[in-house]
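This is what each chain is made of:
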Amino acid sequence: MTQALKIISNTWKTAVLLSVLLSLVILNSENANAKDGKELHFASEEVRKTVSWVKKNKDNRKLPYAIIDKKNAHIFVFDAKSKIVDHGPVLLGIAKSDRIDPKTLNARLSSIGKNDRVTPSGRYVSVFGPDHRGKDVLWVDTKYAVGLHPVANVPGQRRKTRLNSTTSADNRITWGCINVSKPLFKNVLTPLFKPKAGIVYILPEAAPIEQLLANKDKD
């Protein structure tokens, strides 16, 4: 009888322990989902739609990815499992267009007018590599040398001030490259994208988001 009571007691304790552990797992999962929701609560509908599409189609190929909302000059960074890691403002090309004119391909920066300073939309397999000064850049559109890098100090352009302002209205200033804060580049994008690669989705300004998702570039 005593032995039977001990077995029952031990079984009950085990059941209680398993119940507690299960509750902790559920709570952590709910907290993670709540964090994702909190981080994306101010994201545009197009950003949220892109995230859902990437998850459904596993389009990121088990790689980390970033979504750049050009209309609101903001970037959202995700790990390979589509969990949001961080987000922040970006600086973009002056022209509000989605395609770069091929005639500018070999042109010098100084000769490219404001109407041709475009951050192109699209889906890009992006890798780290050195720029002409040997500094790390996340190369997005390699054909047109569009890279993502820490905010540059260009005389007369107040890029850091623009990046830190509370509005996105002054975030259009570059020739087409994407500028982010140094902490975001160093502490988030570098450890995520540098080991292998990643996907960068740049949402269009004129065309509907469905066009980008339906006609994504092949790797």
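The coordinates are above.
Note that the structure is predicted; figures quoted are calculated from it, not measured.

## Quick word on the side chain of Asp131
Relative to the helices and strands, Asp131 resides in the loop between β5 (122–130) and β6 (136–141). Here Asp131 falls in the buried class, since its relative accessible area comes to 14%. Within the structure, Asp131 has its side chain in polar contact with the backbone nitrogen of Arg133 (distance 2.8 Å). Within the structure, Asp131 has its side chain in polar contact with the backbone nitrogen of Lys135 (distance 2.8 Å). Non-local contacts of Asp131, meaning those with residues more than four positions away in its chain, are made with Val137 and Trp139.

## Some remarks on helix α4 (residues 182–193)
All of the buried residues in α4 are Leu184, Phe185, Val188, Leu189, Thr190 and Phe193. Capping the start of α4, Ser181 holds a side-chain oxygen 3.3 Å from the backbone nitrogen of Leu184, two or three residues further along.

## Quick look at the sheet that holds β6
The strand order β3-β2-β1-β10-β5-β6-β7-β9 describes an open sheet built from eight strands, whose pairing is mixed. Strand pairing shows two members of the sheet lacking a second neighbour, β3 (84–89) and β9 (178–180), which therefore form its edges. On average, each strand axis in the sheet is inclined to that of its neighbour by 25 degrees, with strand direction left out of account. Looking at chain direction, strand β1 (residues 65–69) and strand β10 (residues 198–202) are connected through four bridges and run parallel. Its bridge partner lying in β10, Ile67 is registered against Tyr201.

## Some details on the pattern of salt bridges
Applying the stated criterion across every chain, the model contains nine salt bridges. Across the salt bridge formed by Lys71 and Glu46, the nearest N and O atoms sit 3.3 Å from each other. You can see Lys71 sitting in the loop between β1 and β2 (74–78) and its partner Glu46 sitting in helix α2 (residues 45–57), a full 25 residues away along the chain. On the accessibility criterion, Lys71 (43% relative accessible area) is partly exposed. Residues Asp59 and Arg123 are paired through a salt bridge, measuring 2.7 Å at the closest nitrogen-oxygen approach. Residue Asp59 is found in the loop between α2 and β1, and its partner Arg123 is found in strand β5; the two are separated by 64 residues along the sequence. This pair shows no difference in class: Asp59 is buried, exactly as Arg123 is.

## Thoughts on the nonpolar core
Counting 26 residues, the largest nonpolar core has Ile68, Ile75, Leu148, Ile178 and Val180 as its most contacted members. Going through the elements one at a time, β1, β2, β5, β6, β7 (146–150), β9, α4 and β10 are the ones with two or more residues in this core. Here this core takes five residues from α4, the largest share from any one element. When neighbours within four sequence positions are excluded, Ile68 is seen to be in contact with His74, Ile75, Val90, Leu92, Leu148, Ile178, Val200, Tyr201, Ile202 and Leu203. Of all hydrophobic cores here, the second largest spans 18 residues; its members include Leu40, Val54, Tyr65 and Tyr201.

## Observations regarding the packing of aromatic side chains
Evaluation of the coordinates by the stated rule reveals three aromatic pairs. Summarising the aromatic geometry, the rings of Phe128 and Phe185 are spaced 5.6 Å apart at their centres and angled 55 degrees between planes, so their arrangement reads as tilted. A residue pair is termed long-range when its members are at least 10 positions apart, and Phe128 in strand β5 and Phe185 in helix α4 qualify at 57 residues. Of the two residues, Phe128 and Phe185, both sit in the buried class. Site record: aromatic cluster; members linked through ring pairs are Tyr65, Phe78 and Tyr201.

## Concerning unusual backbone geometry
Of note in the backbone geometry, Ala73 takes a positive phi value of approximately 50 degrees without being a glycine. A relative accessible area of 2% means that Ala73 is categorised as buried. Of note, the phi angle at Ser82 is positive, near 70 degrees, even though the residue is not glycine. Among the structural elements, Ser82 can be located in the loop between β2 and β3. On the accessibility criterion, Ser82 (7% relative accessible area) is buried.

## Concerning the pairing of β2
In regular strands, side chains alternate between the two faces of the sheet. Among the five residues that make up β2, five are buried, leaving the element largely enclosed by the rest of the structure. Neither face of β2 is open: one carries His74, Phe76 and Phe78, the other Ile75 and Val77, and all of them are buried. Once β1 ends, the chain turns through four residues before running back antiparallel as β2, passing Ala73 with a positive phi of about 50 degrees. Hairpin connection between β2 and β3: a loop of five residues separates the two successive antiparallel strands, and Ser82 in this loop has a positive phi of roughly 70 degrees.

What counts, and where the lines are drawn
Residues numbered from 1 in each chain as written. Predicted model: local features only at pLDDT ≥ 70, side-chain atom pairs only at ≥ 80, totals over all residues. Heavy atoms only, no water. Helix = DSSP H or I, 4+ residues; strand = E, 2+ residues; numbered from the N terminus. Buried < 20%, exposed > 50% of the residue type's maximum accessible area, 1.4 Å probe, protein only. Polar contact = N/O pair within 3.5 Å; in protein donor to acceptor, adjacent residues only side chain to side chain. Contact = heavy atoms within 4.5 Å. Pairing = 2+ DSSP bridges. Axes fitted to C-alpha atoms, helices over the stretch in contact; angles between N-to-C directions. Salt bridge = Lys/Arg side-chain N within 4 Å of Asp/Glu carboxyl O. Core = buried A, V, L, I, M, F, W, Y, C linked by side-chain atoms within 4.5 Å. Phe/Tyr/Trp six-rings, centres within 6.5 Å; stacked < 30°, edge-to-face > 60°.

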